[in-house]
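Below, each chain spelled out in residue letters.
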Amino acid sequence: MSDVDTFKEIKEILSSQKYSQEDISEVEKAYKFAKKNHSGQLRVSGEPYIIHPVEVAKILAGLEVDVHTLVAAFLHDVLEDTDTSPQTIKEMFGEDVLNLVQGVTKLGKLQFKSKEERQAENFRRLFIAMANDIRVIFLKLADRLHNMRTLNFMAVEKQKKIAQETIDIFAPLANRLGIYKIKAELEDLSLKYLEPEKYYEIAQLVAQTKADRESTVSELIEKISHDVERNGIKAQITGRAKHYYSIYAKMKRQNITFNDLYDVTAVRVIVDDIKQCYEVLGIIHSQFKPIPGRFKDYIAMPKGNMYQSLHTSVIGPRSKPLEVQIRTWQMHQVAEYGIAAHWRYKEKGSQKADNAKDKQFSWLHKLVEYDKEMKNAQDYVKSVKLDLFSDQVFAFTPGGDIYDFPKDATPVDFAYRIHSDVGHKTVGALINGRIVPLSTKLNNGDIVEVLTSKTPAPRLDWLTFVVTKQASSKIKQWFKKNNRDEHINIGKSNLEHELTKTVFDEYLKNGEFDKVAKIMNYQSADDLFAALGYGETTLSKITHKLKKPEDVSIENSFKKSSRKSSNKDIIGLEGMLYSFARCCSPIPGEPIVGVVTRNKGVTVHRVDCKTLETIPHERLMDIKWAGVNTNKTYTTTIRIETAEKLGLLKDVISAVSDNNTNIVNANIKTKNHVGIIEIGVELDNIDTLKKVIACIQSLPDVYSVKRIQTSANSIKKTSASKPQKKHKSK
């Protein structure tokens with residue numbers, strides 16, 4: 001095709017969409033500029049490079065974007081692939097076009113530790129640019145779509161990498177923006193290269209069943225058309241097969257075969273207004289039996305990407321189930337083009353996201369918030385993928401305001417979404433009028449009421465179940481600012497327990513923790529301990545950066561200190577490196593056994609530890625406690641089952657404190673109207689543990705107290721229990 005013919009085709013598209021002659025001339029100017037600068041460059045397919053920006057412009061013209069976005073479509077690779085300067089683009093096409101081009105331009109020759117780090121930084125820049133101007137992502141989606149259409153010219157490994165990136169980042173972005181036409185094609189093309197066998201299998205099955213489906217759909221359309229016309233409603237009714245990836249995803253999600261799917265084809269009814277949508281729904285339900293549980297009203301409750309429609313599934317002709325979608329023409333435009341349809345109605349030059357103050361666009365502004373909170377680009381991209389691209393759940397405040405969350409979000413996530421102060425002061429929650437544990441997962445349509453106290457008192461154990469980055473970062477920030485000394489002590493205690501006191505002291509003496517702190521971007525060892533104490537980092541992250549305990553200097557010093565020690569913990573391990581198993585948390589006074597490990601010396605277990613069942617006999621050592629060391633404490637976990645009663649936790653804490661025993665962590669939940677409290681306690685020997693258990697057991701409304709083995713989550717021998725009471729359901 002000649003140059004004239006190439007632009008003639010684009011000109012015809014733009015003219016049919018009522019772009020002005022002035023706009024078309026500006027686009028042609030950009031086309032000629034790009035063609036001149038890309039002259040002599042070829043794509044992997046062997047085609048002239050200019051073909052790529054031309055195809056990107058065609059895709060964007062189909063979305064009816066503004067003229068500056070079309071101009072940027074032709075110029076989007078000139079900064080990266082030619083000698084063109086930003087100043088030249090600014091002088092010829094204006095600052096707005098330059099900003100768009102720079103928003104989609106990859107990083108230059110900056111140095112990065114790895115390809116992954118470079119790619120993460122590219123995505124971070126893209127997300128931030130998108131948050132500042134939504135048109136950037138229109139450009140990037142069109143760019144990616146054409147690249148996916150021509151992916152067959154790439155090497156297989158490159159195909160898989162780009163397809164995985166597309167399904168992880170770009171298809172979910174298109175979905176959040178509601179651009180179904182691009183989302184569906186990106187997903188299908190990704191499936192083609194990631195799971196080629198599945199792709200062609202589904203394509204073949206869809207083709208084989210086409211005739212039968214079309215016959216059934218035709219009968220349904222004929223019947224609906226007759227009924228709506230008789231009721232004076234003008235409607236367009238069509239049928240279409242769902243795209244391959246949605247079929248694949250449903251088969252995988254529900255673990256079913258293609259033949260078990262009953263909504264491979266959807267019938268779409270488009271009418272003039274909302275009133276007619278519900279009238280058509282009534283007509284269809286009066287003629288065809290609706291399938292229970294399959295009706296969804298996205299008109300009354302739109303999706304977060306602005307999608308609106310009525311969905312219902314009915315038993316159609318020949319007893320074949322079919323899905324029917326009912327919407328207005330305006331809803332159809334939004335369903336196909338999403339946020340792009342919304343932006344068509346904006347005034348020229350006002351397409352930036354800062355005009356999108358509507359709640360459905362609030363997620364765009366989170367992209368900027370995340371950038372301020374994340375230490376590096378990789379963490380940033382991970383948080384964006386987790387929070388913005390996971391399955392969504394929509395929940396309401398009692399006043400009717402709607403918020404969207406990732407799957408598995410909890411009332412604590414909900415509270416922090418309202419405001420960080422509300423999150424900090426949360427003490428309980430009601431879902432649909434019923435009190436629930438704070439770890440309860442929200443479902444679509446839940447009405448959530450957050451119960452707060454006058455003073456902030458967030459809990460560290462919330463970090464184990466919150467799923468939004470906003471909630472986890474605010475919780476960590478609060479603990480970072482408050483109770484610093486307590487967190488330092490908790491962090492030290494956890495490390496000491498993990499490494500053994502001797503090794504911990506040696507690391508501390510040699511300044512090893514200060515070195516690790518600097519590596520992990522903390523100012524001092526105390527900052528590192530505090531971060532561990534309030535949950536900002538983990539034991540494994542710290543221990544992996546420490547010198548190995550079996551280094552000669554540490555080992556020799558350990559042996560030396562062991563020989564000098566007059567308060568040996570264990571008889572049979574003299575001069576050896578050892579640690580206490582966290583799975584069963586042995587305590588002085590109870591039978592123990594040693595397990596020889598490959599690189600951590602000997603691990604000390606209780607003799608009744610479940611994990612010993614898989615350990616070969618030759619790795620076991622006969623050992624015993626040397627006696628009680630009143631200067632040292634050990635940690636174990638007990639589980640308390642109680643009645644659902646306010647204030648009972650306070651009584652349990654008092655019972656533990658009365659025995660001079662420290663609580664290091666606590667977790668509270670409710671199951672079948674039984675309160676379950678799991679607490680980690682620090683104590684010196686088994687007799688103290690027995691006293692604590694007896695004291696808690698004596699409390700009214702406590703059903704049982706049992707020591708648990710954390711790794712297997714199984715109940716162990718040291719326990720006491722009362723006859724179980726019968727509970728009335730509330």
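Residues numbered from 1 in each chain as written. Predicted model: local features only at pLDDT ≥ 70, side-chain atom pairs only at ≥ 80, totals over all residues. Heavy atoms only, no water.

Focus: the overall build of the chain
Next, step 1: What the chain contains, in helices and strands, is 30 helices and 22 strands.
Next, step 2: Burial status across the chain gives 48% buried among its 730 residues.
Next, step 3: Considering only residue pairs separated by 6 or more positions, the chain has 65% of its internal contacts joining residues 24 or more positions apart.
Next, step 4: Total accessible area on the chain stands at roughly 36,600 Å², and carbon and sulfur atoms take up 49% of it. (Helix = DSSP H or I, 4+ residues; strand = E, 2+ residues; numbered from the N terminus. Buried < 20%, exposed > 50% of the residue type's maximum accessible area, 1.4 Å probe, protein only. Contact = heavy atoms within 4.5 Å. Areas by Shrake-Rupley, 256 points an atom, 1.4 Å probe, with all protein chains shown as cover.)

With respect to the packing of aromatic side chains
Next, step 1: One pass over the full model with this rule turns up 15 aromatic pairs.
Next, step 2: When the ring of Phe 504 is compared with that of Phe 513, the centres are 5.1 Å apart and the planes differ by 40°; the resulting orientation is tilted. Residues Phe 504 and Phe 513 agree in their burial class; the two are buried.
Next, step 3: Residues Phe 504 and Phe 529 carry aromatic rings whose centres are separated by 6.0 Å and whose planes lie at 40° to one another, so their mutual orientation is tilted. On the criterion of sequence distance, the pair formed by Phe 504 in helix H24 (residues 501-510) and Phe 529 in helix H26 (residues 525-533) is long-range, its members being 25 residues apart. Both residues of the pair, Phe 504 and Phe 529, count as buried.
Next, step 4: Through a chain of ring-to-ring contacts, the aromatic side chains of Phe 504, Tyr 507, Phe 513 and Phe 529 assemble into a single cluster. (Phe/Tyr/Trp six-rings, centres within 6.5 Å; stacked < 30°, edge-to-face > 60°.)

Examining the confidence of the model for the chain
Next, step 1: For the chain, the mean per-residue pLDDT works out to 78, and 80% of the residues sit at or above 70.
Next, step 2: Between residues 550-567, whose pLDDT stays under 50, and residues either more than four places distant or in other chains, the model counts 19 contacts. (pLDDT = per-residue confidence, 0-100.)

Details of the sheet that holds strand S13 (residues 578-580)
Backbone-to-backbone hydrogen bonds pair the strands of a sheet. The strands run either parallel or antiparallel.
Next, step 1: Judged by pairing direction, the sheet is mixed, and its four strands sit side by side in the order S13-S15-S14-S16 without closing on themselves. The open sheet has two edge strands with one neighbour each: S13 and strand S16 (620-622). Adjacent strand axes in the sheet meet at a mean angle of 35° when their direction is disregarded.
Next, step 2: With five bridges connecting them, strand S14 (residues 592-596) and strand S15 (residues 602-606) associate as antiparallel partners. Looking at S15, one finds that Ile 592 is bridged to Arg 606. (Pairing = 2+ DSSP bridges. Axes fitted to C-alpha atoms, helices over the stretch in contact; angles between N-to-C directions.)

Concerning the sheet that holds strand S11 (residues 448-452)
Next, step 1: If you trace the three strands from one edge of the open sheet to the other, you get S10-S9-S11, paired in antiparallel fashion. Looking at which strands have only one partner, the edges of the open sheet turn out to be strand S10 (434-436) and S11. Across the sheet, the mean angle from the axis of one strand to that of its neighbour is 35°, orientation sign disregarded.
Next, step 2: Here three bridges tie strand S9 (residues 426-431) to S10, and the two strands are oriented antiparallel to one another. Across the sheet, Ile 431 pairs through a bridge with Arg 434, a residue of S10.
Next, step 3: Sheet strands in contact with helix H20 (residues 411-418) are S9, S10 and S11, and its direction is about 80° off that of S11.

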